[in-house]
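# Summary of structural features
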Amino acid sequence: MSERGLPVAIVRACLRDGRGGSPTAVMDEAPLSDDERRRVPVLMGTSHAVFVSADNALRFFTAEGELPACGHGTVAALAFLAERAGGEEYRATLHASGRAFPGWCVWEKEQVNATFEAGPVDLREPTAIERDLVLPALGITSDTPDARVAAVGRARMLVPVATRSALAALDPDLERLRAACDRLGFLGCYVYSAPTRTGRVAARMFAPSIGVPEDIANANSTACLAAHLAGQGITHLDVDMGDSLGSPARITAGAEHSPLIHLSGTAEITRIARLP
């Protein structure tokens, strides 16, 4: 079946103060091949596409292929479902990565505040080989004892830097980073600034192995960071992303009920298009 003519909602997920966000293509499940699904984000000019079935099962694709999970894609899917359902609030059980989990939305004027329960997070210290491959590719030469390998779906490396300015100055060698992530089986690398006392953090997610050199918003990596910092007594995060790409984004993570992590983001459906 050709995907031509199928309707697609373009959702800006994880807005910050009503602006920016990560444009995400969301559409109803259709009998498409995986190659056709991979073409959707390319045709729509988005980094990710989400396919939503009648029973709220979600599938996530980039131009490189399918992902087992996508946090900002889940926020976008919830906004898509809430728009269809109508009403001031929306609740649903979603299905992805072989698990069922709750999601809910509250309308705030023309935008939706969406929250869902992230999957379990596995955390460990990186090996010496992982450090030696990844950190130089990121351009980080300082010691990073608090780096972690975290998995919710696929593994990625969490790498701290001291300040927001150090984060903004990063200029990774993306080809080298892709080779390192391909070799290690990593989704990518999530670099973050030291959290303030109120849980404010800035972060950048580099994922060239999935065709996304830098992600505007990456909620699942934020869940990984929330799980890591919960062990240090930090149970609430407001993470700013997307500034280096000119599209400010924000993801909120709560670990008050650890090990459960709740992720929230504001989303807005900007237009309905049709696949060319």
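Everything below is about the structure printed above this text.
Residues numbered from 1 in each chain as written. Predicted model: local features only at pLDDT ≥ 70, side-chain atom pairs only at ≥ 80, totals over all residues. Heavy atoms only, no water.

## Some remarks on the pairing of strand β14 (residues 212–215)
Summarising the sheet, strand β13 (residues 200–207) and β14 pair through two bridges and their orientation is antiparallel. Residue pairing across strands places M205 opposite D215, the latter belonging to β14. Connecting the antiparallel pair β13 and β14 is a turn made up of four residues, with G211 showing a positive phi of about 85 degrees. (Pairing = 2+ DSSP bridges. Helix = DSSP H or I, 4+ residues; strand = E, 2+ residues; numbered from the N terminus.)

## Quick notes on the packing of helix α3 (residues 128–138) against helix α5 (residues 174–184)
It is at 8 Å that the axes of α3 and α5 come closest, and there the two elements cross at 160 degrees. Comparing the axis directions of α3 and α5 gives the class roughly antiparallel. Crossing hand, α3 versus α5: left-handed. Of α5, the residues touching α3 (which contributes I129, E130, L133, V134, P136, A137 and L138) are R176, L177, A180, R183 and L184. Of the residues belonging to the contact of α3 with α5, the class tally is nine nonpolar, no polar and three charged. (Axes fitted to C-alpha atoms, helices over the stretch in contact; angles between N-to-C directions. Parallel < 35°, antiparallel > 145°, perpendicular 65-115°, else oblique. Left-handed = near helix turned anticlockwise from the far one by under 90°. Contact = heavy atoms within 4.5 Å. Nonpolar A, V, L, I, M, F, W, Y, C, P; charged D, E, K, R; others polar.)

## Side note on empty space enclosed by the protein
Empty pockets left among the atoms are what a rolling probe the size of a water molecule brings to light. Under the counting rule described, the total for this entry stands at one cavity of 30 Å³ or more. Approximately 140 Å³ is the volume attributed to the largest cavity. L67, A69, C70, L187 and N218 are, among the 19 residues lining the largest cavity, the residues nearest its centre. Mapped by element, the contributors of at least two residues to the lining of the largest cavity are α2 (71–85), β11 (154–161), β14 and α6 (219–230). (1 Å grid on protein atoms, 1.4 Å probe; cavity = no way out; pocket = protein on both sides within 12 Å on 5 of 7 lines; lining within 4 Å. Points joined across faces, edges and corners; volume = space filled by probe spheres on them.)

## What about the side chain of H48?
Along the chain, H48 turns up in strand β3 (residues 48–52). There is a polar contact of 2.6 Å between the side chain of H48 and the side chain of S47. Excluding residues that lie within four positions of it along the chain, H48 makes contacts with T24, A25, P41, F61, T62, L67, C70, H72, I210, V212 and D215. (Polar contact = N/O pair within 3.5 Å; in protein donor to acceptor, adjacent residues only side chain to side chain.)

## Quick notes on the state of the cysteines
Tallied over the full model, the rule gives zero disulfides. The structure places no disulfide on C14, whose sulfur is separated from the nearest cysteine sulfur, that of C70, by 8.9 Å. Here C14 falls in the buried class, since its relative accessible area comes to 0%. No disulfide involves C181; its sulfur sits 4.2 Å from the nearest other cysteine sulfur, which is in C189. (Disulfide = S-S within 2.5 Å. Buried < 20%, exposed > 50% of the residue type's maximum accessible area, 1.4 Å probe, protein only.)

## Structural notes on the pattern of salt bridges
Pairing between side chains of opposite charge can happen when the charged atoms of each approach one another. A full pass over the atoms with the stated rule returns 17 salt bridges. The partner of R178 in a salt bridge is E64, and the shortest N-O contact between them spans 3.3 Å. With R178 in helix α5 and E64 in the loop between β4 (58–62) and β5 (65–67), this pair connects stretches of sequence that are 114 residues apart. With its nearest N and O atoms 3.2 Å apart, the salt bridge here joins D240 to R164. Of the two residues, D240 is situated in strand β15 (residues 236–241) and R164 in helix α4 (residues 164–168); the sequence distance between them amounts to 76 residues. Residue class for R164 comes out partly exposed when judged on its relative accessible area of 40%. Look at the salt bridges and you will find they share partners, linking R16, D17, R164, R200, D240, D243 and R250 into a network. (Salt bridge = Lys/Arg side-chain N within 4 Å of Asp/Glu carboxyl O.)

## Notes on the pairing of β13
Within β13, seven of the eight residues are buried, leaving the element largely enclosed by the surrounding structure. Where strand β12 (residues 189–193) meets β13, four bridges bridge the pair, whose relative direction is antiparallel. Residue pairing across strands places V191 opposite R204, the latter belonging to β13. Linking β12 to β13, which pair antiparallel, is a turn of six residues; within it G199 sits at a positive phi near 85 degrees. Pairing analysis gives three bridges linking β13 to β15, with the strands arranged parallel.

## A closer look at the nonpolar core
By size, the foremost hydrophobic cluster in this structure holds 62 residues, and its most contacted members are V52, L58, Y190, L237, I261 and L263. Contact partners of L58, with chain neighbours within four places excluded, come to V50, F51, V52, T74, A77, L94, H95 and A96. (Core = buried A, V, L, I, M, F, W, Y, C linked by side-chain atoms within 4.5 Å.)

## Examining α6
Compared with the 16 Å implied by 1.5 Å per residue over 12 residues, the 16 Å span of α6 between its first and last C-alpha is a close match. With 12 of 12 residues buried, α6 is to be regarded as a mostly interior element. Among the residues of α6, those classed as buried are A219, N220, S221, T222, A223, C224, L225, A226, A227, H228, L229 and A230. (Expected span 1.5 Å × (residues − 1).)

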